[in-house]
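Now for the letters of each chain:
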Amino acid sequence: MARPTHLQTDPGFAVYVHWPFCLSKCPYCDFNSHVRSEPIDEKRFVNAIVTELAHRASLTKGRVLRSVYFGGGTPSLMKASSVSAILEACTKLWRHAPDVEVTLEANPSSVEAGRFRDYRKAGVNRVSIGVQSFNDADLKMLGRLHTVAEANAALDVAASVFDRFSFDLIYARPQQSVKSWRAELKTALNRAGDHLSLYQLTIEPDTIFERLFRAGKLKLPDGDTGRAFWDTTQELTEAAGLPAYEVSNHARPGAESRHNLIYWRYGEYVGVGPGAHGRISTPAGRRAMATERHPEMWLTVVEADRQALVEDEILSSEEQGDEFLLMGLRLAEGIEPARFEAVAGRRLDPERIASLLAEGMVELTPAGRLRVSAEGFPVLDAVVADLAA
Amino acid sequence: MVRLENIRNFSIIAHIDHGKSTLADRLIQVTGGLPEREMVEQVLDSMEIERERGITIKAQTVRLEYRAKNGETYVLNLMDTPGHVDFAYEVSRSLAACEGSLLVVDASQGVEAQTLANVYHALDAGHEIVPVLNKIDLPAAEPDRIKQQIEDVIGLEASDALLISAKTGLGVEDVLEAIVHRLPAPKGTQTEPLKALLVDSWYDPYLGVVVLVRIVDGTMKKHQRILMMGTKAHYEIDRIGVFRPKMQEVEELGPGEIGFITAQIKEVADTRVGDTITDEKRPCAAALPGFKPAQQVVFCGLFPVDAADFEDLRAAMGKLRLNDASFSFEMESSAALGFGFRCGFLGLLHLEIIEERLEREFNLDLIATAPSVIYRIILRSGETINLHNPVDMPDPTRIEQIEEPWIRATILTPDEYLGAVLKLCQDRRGVQVDLNYVGARAMAIYDLPLNEVVFDFYDRLKSISRGYASFDYAITDYRAGDLVKMSILVNGEPVDALSMLVHRDRAETRGRAMVEKLKELIPPHLFQIPVQAAIGGKIIARETVRALRKDVTAKCYGGDATRKRKLLEKQKAGKKRMRQFGKVEIPQEAFIAALKMDS
C-alpha cells in the first residue's frame, strides 16, 4: 500500500453535509437515505443546513476548514444554487485553507452529470461518482438506475469539468468470478482519474440484501475467494499506480481524499443534516455528536432549536483509543503510537505488538509509526481487535 | 416401648418403576399414618429430584401401626431403600437395620439386574424375603411366568408370592398380614447395655443433624449421655422420636425399634454411618460389625461457567455436603476453566444428581469435566499413588505400572438386544464371565474396566436396548492395564481440562474424535492452529484450524465511527470471556461442547 508523503500531525478540520434523499433505495445500502414521492421543499432543507452550520461553528471557533463533503443520500439531486448557498455559509463561518477540498457525491445519470459545470461554479472541485459496476446486469442487480453507457458519459463529463474526480465500484458481487472482476477492474483503471474507491460487497443490517442473504437467496464468496478478490484488487491497482492508501481507497500519491484522511487520522469534523456525525476536541475530551436521522423530523427540530443533535457526549479515553485504532489502522501510513497514548491515556500492549509483528500482521516504520502490513490488511478487523483488547 | 414380638422391621426391594414408592404410599395410607389430605405421591421421596426422577436417593423410614386380623397391634418399621447401584451402600445399611424384605417385582417386566443384586444383599443380611408381584391389574401381567423367573434366577420359592396392585390397593391388606406372619420379629435384650446402630444421618435446617438409629439391645432416652464407639464422640440426646412419617417425639426407644435422635451434632461428617451408639457410663462390650464406608469411585471437575460464581459454588457445595457426606470436593484450578472443584462421587448418577442440585437449588451454571476413576499408579520407586485427575499424572518414565478399577457387571436384556449388548461390552474391553437365559431374557455377567463404564456405557446400553436392558455392578479389584495419558495440544500448548487416561488401543479413536471436534469449535485466528492429540511426545491425531483469510470492514467513514466502535467493544468483551492458551483464544463454549461429546 502507498503512503501519502505529506504526513501531518494535525489532521485538520472538515465539514460534512448530509443530503438524505434518493430516487430509489439500493438493496445493499444502509446509509441514512430516504425516497420521497412528492418533491421536497429544498430551500427549507438548505436553510436548516445553514442554521446547523452556524451552531457547529459556534463550537469550533478558530478552526481552519480543509474540506467540505456533500454525502448522502444523493447530493447530486441538489440544485447547484443550494450547494452554493451552503458553501457560502461555510466561507462566512470559518477561515479556510487555500487548497480547501470540496467534494460532492454524484450518481452517473445524464441529468446529474448535466449539473457538474454548475456545481463547479458553486465551488465544488471534486466529484465522487457512484459507478458501482461496468456491467449492466449487475447494475440492475445492485438496484442502480443508471447504465454503463451513462456511467461512461458521466465520467467523461467529470474528467473534463474537474481536476480531481473519483468513482466507486462494488466487487465480490453475487455470481461474480475473480476472473471477471479482473477484467472489469482493468476497464475501471483505464477510466480512472487519480482516485478510486473499491468496496468488497458487505451485507449490512436492515437492508434488502440482508433479507435475501438470510433466506439463502444471495451467496457471498467464502474466505478464500474473498481473499482472492482482495489480492487481485491490490495487484492490479498497484500496477496501475493507484495503490490502496486505505482499505478500500486507492489514489495516485498526493491525490488522496483529504476529507476522508481527516476521519482516518482522527481529526475534527462537524456533520450537518439528518443523521450526520461529528467529532470535535474539547478540553474535557473528544466530543461525539450525531443528529436526528429522519429528514422531516430533523428539519422541524432545527427550525425550532437551531440544531438537531440526538447524541452529544464526551467519549471516555478507552472509547477514544478504540476509535483512534479503528480509524487510523485503516490507513497504509498507520498510526503514531505516541498519539494513541495521548488520545487513549494508555500504551499499546507491547506483548501484543510483538506477537503481531512476529505473525507479520503489522510493521514498525523507521520513524516509529505502527502500520498494518500487506498480510494484515485483509484481516484488519481481527488485528484491530487484538490491539484494542 | 413396644414388645419385641410385636415389631417387624422390613425394607422393600424393587427395580425403578416397579412400584416400591406406590406400595409404601399405600401401606402408610391403609395404616392411617397420614390423614388423606396430606398424602402426596411418593411420600417418602422428599427431595424434589427424587420425585421427578422417580428414584429414591436417601433411605427413609416410617413407623406404621397395624392392627392385624389376629387382633394384635403391631409396629411395622418400613425402611425405604434406594434402588440405584450408586447408592448400594445405603441399601446395605438399610438392610442391616431390618429382619426381612418385600421383593416387589413388576408382574409383566420381571426381575431386573438391580433387583437381583439387592436380593442377594438382603439374603446376605439374613433376611426373610416375601415375593410380591405388583401391577397385577395390568393386561400384560403374567404372574405365573414371573414366579417361575423368580425361582429360576434368584432361586427363591415364589409359589406363595402375593399378587397385588399397589395402584388400586388390591392385595395391600395381604401384604400387611404377610409382614406380620412371614417376617421374623427382631431379637434383643432390654436389660443389656445400650447397643444401637447408626443407620443414617442428615442435616435438617431446623434441628441440625438428625441421626437414624436401630436399637439392638438396651434402651435410649432423652437426656441420656451417649458414646459413638467408632468416632469416640460423646453427646447428650436432646430429642428422640419416630417417623410416622412425620417426626413424633417419644420418651424412649427399646430393642428392635427404629427412630431418630438429635444431639447437638454440627455436621453430618461428624457421624459415621454404621457406627455403634452406646451408653457413656455403661457401654456395651463389643461394637456392631458396621459396614464399609461409602466409596467414591467417580471424579470430575466442576467449574462455574461464570468465574464470578466461584464463591457461590463453594458455599453451595458446603451446604450440600452438610447433608451428603458421601461426596467430596477440593479446590482445583484449570487453565481452561478457571477456578473450580475436583469432586468425588459414588457413581455417575450421584454425580448427575449433585450437579443438578447445584444448578437447580443454587442457581449455578456449571461445566463438568470428563469423569475419571481412581487409578493406582505404582512408581518405579515402589511408591503407590492414587490418581483421580489426569493432570496430576507423574512423568511416564517414573511409572512402573498403572492399575485401574474393574467391576463385575450383571446385565439383563431381552434376547433381541443381546448381540448389541455383548458387542458393547467387548468394545469396552469387557471379559465375559457368564451368559445364560432366564426365559426370554438373557443374563450376561461381564468383568469391565470402570473407566470404560463411567463414560457413556449406561446411556449406550439403554439406547441399544431401547431402555429394556438393566445393569448393576460392583467394584471387584484393580488390574494392571496398558493405560496412557492422552493430552490435547492446541498450538502446541496442552489443554489441561481435556487430558484423559485411556487404554492404548482406544487412544487413537478418542483422540481423533476430540481433535476433529475442536477444529470445528475453535474460531479462526490470524495464524493457523494445529490441534493435536498426543501420548507423551507422540502425536496420534492432528487437525488444523486454518488462519483467517478475510475479515475487514469495507467502509468506515466519519459517520461509522460510533457503530464500529460499539462492535469493537462487543468483540473486546467477547475476548475477555475467552480462555487464553498461549496465543490462542478459545471460547468457553468450545470446552463445554468438547467435554459433552466425551461424556
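Provided above is the structure to which this section pertains.
Residues take numbers from 1 onward in each chain, read along the sequence in its written order. Written order determines the labels here, with chains lettered from A and ligands numbered from 1. A pLDDT threshold of at least 70 governs which residues receive local features in this predicted model, and a stricter bar of 80 or more applies before side-chain atom pairs are shown or counted, although totals over entire chains, interfaces and linings include all residues. Side-chain numbers here rest on the full set of heavy atoms in the structure, without hydrogens or water.

Participant: What am I meant to see in the overall build of chain B here?
Facilitator: Each helix is a run of H or I in the DSSP string that is no shorter than four residues. Each strand is a run of E no shorter than two, and both are numbered from the N terminus. Tallying secondary structure elements over chain B gives 14 helices and 33 strands in all. Throughout, a residue-residue contact means that at least one pair of heavy atoms, one from each residue, lies within 4.5 Å. A separation threshold of at least 6 residues defines the contact pool for chain B, and within that pool the share at least 24 residues apart is 69%. When the accessible surface of chain B is totalled, it reaches about 24800 Å², and 48% of it is carbon and sulfur. Note on areas: Shrake-Rupley with a 1.4 Å probe; residue coverage comes only from the protein chains shown.

Participant: Explanation requested: the nonpolar core in the structure shown.
Facilitator: Generally speaking, soluble globular proteins have nonpolar side chains that are buried together. Among the nonpolar cores identified, the biggest contains 132 residues, and Val15, Phe70 and Phe167 of chain A are the most heavily contacted of them. Among the elements that take part in this core, helix α15 (residues 380-388) of chain A stands out by supplying seven residues, more than any other. What marks off one domain from the next here is an automatic or database domain assignment. There are two domains that each give this core at least three residues, and those are domain 1 (13-263) and domain 2 (317-389) of chain A. With near-sequence residues (within four places) excluded, Phe70 of chain A lies in contact with Val17, Pro75, Met78, Val83, Ile86, Leu87, Val102, Thr103, Leu104 and Glu105 of chain A. Judged by nonpolar contacts, the second largest core, of 51 residues, contains Ile411, Leu450, Val453 and Phe457 of chain B. Buried Ala, Val, Leu, Ile, Met, Phe, Trp, Tyr and Cys residues form a nonpolar core when they are joined through side-chain atoms within 4.5 Å. Here the term buried applies to any residue with accessible area under 20% of the maximum for its type, exposed to any over 50%, and partly exposed to those in between, with areas from a 1.4 Å probe on protein chains only.

Participant: Please explain the sheet that holds strand β3 (residues 73-80) of chain B as it appears in this structure.
Facilitator: Think of a sheet as strands paired side by side through backbone hydrogen bonds, with each pair either parallel or antiparallel. Residues and elements named next belong to chain B. Spatially, the six strands line up as an open sheet ordered β2-β3-β1-β4-β5-β6, and their pairing is mixed. Two strands lie at the open edges of the sheet, namely β2 (60-67) and β6 (162-163), each paired on one side alone. Pairing analysis gives eight bridges linking β2 to β3, with the strands arranged antiparallel. The partner of Arg67 across the bridge, within β3, is Thr73. In this analysis, strands are considered paired if DSSP registers two or more bridges between them.

Participant: I keep staring at the pattern of salt bridges and nothing clicks. Help me out?
Facilitator: Two side chains bearing opposite charge may form a pair once their charged atoms approach each other closely. Salt bridge, as used here, is a side-chain nitrogen of Lys or Arg placed within 4 Å of a carboxyl oxygen of Asp or Glu. Applying the stated criterion to the full structure yields 62 salt bridges over all chains. In the salt-bridge network here, residues are joined through shared partners; they are Asp349, Arg352 and Asp386 of chain A together with Lys575 and Glu585 of chain B.

Participant: Help me understand the interface of chain B and chain A, please; the structure alone is not making it clear to me.
Facilitator: Across the contact, 27 residues belong to chain B and 49 residues belong to chain A. Two parts placed together each lose some accessible area under a 1.4 Å probe, and adding up what both lose gives the buried area. Summed over both sides, the interface between chain B and chain A buries roughly 3400 Å², with carbon and sulfur atoms accounting for 55% of that surface. In this structure, Asp386 of chain A and Lys575 of chain B form a salt bridge, with 2.9 Å as the shortest nitrogen-oxygen distance. The leading source of residues in the side of chain B that touches chain A is helix α13 (residues 561-576) of chain B, at ten residues. Classifying every residue of the side of chain B that touches chain A by side-chain character gives nine nonpolar, five polar and 13 charged. All amino acids are sorted into three groups, where Ala, Val, Leu, Ile, Met, Phe, Trp, Tyr, Cys and Pro are nonpolar, Asp, Glu, Lys and Arg are charged, and the leftover types, Gly among them, are polar.

Participant: Can you walk me through the packing of aromatic side chains in this structure?
Facilitator: Working definition: an aromatic ring pair is given by the centre-to-centre distance plus the angle between the planes. Stacked, tilted and edge-to-face are the three classes applied to pairs of Phe, Tyr and Trp rings, where Trp contributes its six-membered ring and a pair requires centres within 6.5 Å; stacked means planes under 30 degrees apart, edge-to-face means over 60, and tilted covers the rest. This structure, assessed with the given rule, holds 26 aromatic pairs over all chains. A centroid spacing of 5.9 Å and a plane angle of 85° characterise the contact between Phe134 of chain A and Phe167 of chain A, whose relative ring orientation is edge-to-face. With a gap of 33 residues between them, Phe134 of chain A in the loop between β6 (126-132) and α5 (136-141) and Phe167 of chain A in strand β7 (residues 164-171) connect regions that are remote in the sequence. Note on accessibility: Phe134 of chain A and Phe167 of chain A belong to one class, buried. Summarising the aromatic geometry, the rings of Phe324 of chain A and Phe340 of chain A are spaced 6.1 Å apart at their centres and angled 45° between planes, so their arrangement reads as tilted. Of this pair, Phe324 of chain A sits in helix α12 (residues 317-328) while Phe340 of chain A is found in helix α13 (residues 337-344), placing the two residues 16 residues apart along the sequence. Both residues of the pair, Phe324 of chain A and Phe340 of chain A, count as buried. In textbook terms, an aromatic cluster arises when at least three aromatic residues are bridged by ring pairs, as seen for Phe310, Phe327, Phe329, Phe339, Phe341 and Phe345 of chain B.

Participant: It is not clear to me how the pairing of strand β19 (residues 338-345) of chain B should be interpreted in this structure. Could you clarify?
Facilitator: Across a regular strand the side chains alternate sides, sitting on one face of the sheet and then on the other. All names here are of chain B. Counting buried positions over the eight residues of β19 gives seven, a clear majority of the element. Sheet analysis places strand β18 (residues 328-334) next to β19, joined by seven bridges and oriented antiparallel. Each residue of the ladder has a partner; that of Met331, found in β19, is Phe341. Turn length for the β18-β19 hairpin, with the two strands adjacent in sequence and antiparallel, is three residues.

Participant: So what exactly am I meant to see when it comes to the sheet that holds strand β11 (residues 234-236) of chain B here?
Facilitator: Residues and elements named next belong to chain B. Within the open sheet, the eight strands sit side by side as β11-β10-β16-β7-β8-β15-β12-β13. Their pairing is antiparallel. Since the sheet does not close on itself, it has two edges, and those belong to β11 and β13 (247-249), each with one partner. Pairwise comparison of adjacent strand axes, ignoring direction, gives a mean angle of 40° for this sheet. In this structure, strand β10 (residues 225-228) lies alongside strand β16 (residues 276-279), joined through three bridges in antiparallel fashion. From the neighbouring strand, Met228 faces β16, where its bridge partner is Ile277. The convention used is that axes are lines fitted to C-alpha atoms, helices contributing only their stretch in contact, and that angles between N-to-C directions extend from 0 to 180 degrees.

Participant: So what exactly am I meant to see when it comes to helix α4 (residues 113-124) of chain B here?
Facilitator: Think of an α-helix as 3.6 residues a turn; residues three or four steps apart then line up on the same face. Residue and element names in this part refer to chain B. Taking 1.5 Å per residue as the helical rise, α4 with its twelve residues ought to reach 16 Å, and the 17 Å between its terminal C-alpha atoms agrees with that figure. Those residues of α4 that sit buried are Ala113, Gln114, Thr115, Leu116, Ala117, Asn118, Val119 and Ala122. Remark: Gly126 follows α4 within two positions and exhibits a positive phi of approximately 80°. A helix is expected to reach a length of 1.5 Å times the quantity of its residues less one.

Participant: Please clarify how the side chain of Thr276 of chain B should be interpreted in this entry.
Facilitator: Residue and element names in this part refer to chain B. By the secondary structure assignment, Thr276 is in strand β16. Of the residues examined, Thr276 reaches a relative accessible area of 1% and is grouped as buried. Separated by 2.8 Å, the side chain of Thr276 and the backbone nitrogen of Leu288 make a polar contact. Among all residues touching Thr276, those that are not within four sequence positions of it are Lys195, Ala196, Leu227, Met228, Met229, Cys284, Ala287 and Leu288. A 3.5 Å cut-off defines polar contacts: any pair of N or O atoms within that distance qualifies, except that in protein one atom must be a possible hydrogen donor and the other a possible acceptor, and neighbouring residues in sequence count only when both atoms are side-chain atoms.

Participant: Can you help me understand the environment of Ala96 of chain B in this one?
Facilitator: Position of Ala96 of chain B among the secondary structure elements: in helix α3 (residues 88-96). Once the C-alpha coordinates of Ala96 of chain B and Arg214 of chain B are considered, the two residues, 118 residues apart in sequence, prove to be 9.3 Å apart.

Participant: Just to check I follow, could you spell out the packing of helix α7 (residues 310-323) of chain B against helix α8 (residues 348-361) of chain B for this structure?
Facilitator: Residue and element names in this part refer to chain B. Where α7 contacts α8, the axes come no closer than 11 Å and their chain directions differ by 120°. Our classification of the angle between α7 and α8 gives oblique. Judged by the sense of rotation from one axis to the other, the crossing of α7 with α8 is right-handed. Touching Leu313, Ala316, Met317 and Leu320 of α7 are Ile354, Arg357, Leu358 and Glu361, all from α8. Counted by class, the contact of α7 with α8 contains six nonpolar, no polar and two charged residues. An angle below 35 degrees is treated as roughly parallel, one above 145 as roughly antiparallel, one from 65 to 115 as roughly perpendicular, and anything else as oblique. Should the near helix be turned anticlockwise from the far one by less than a right angle, the crossing is termed left-handed; should it be turned clockwise, right-handed.

This is a description of form; function is not addressed.
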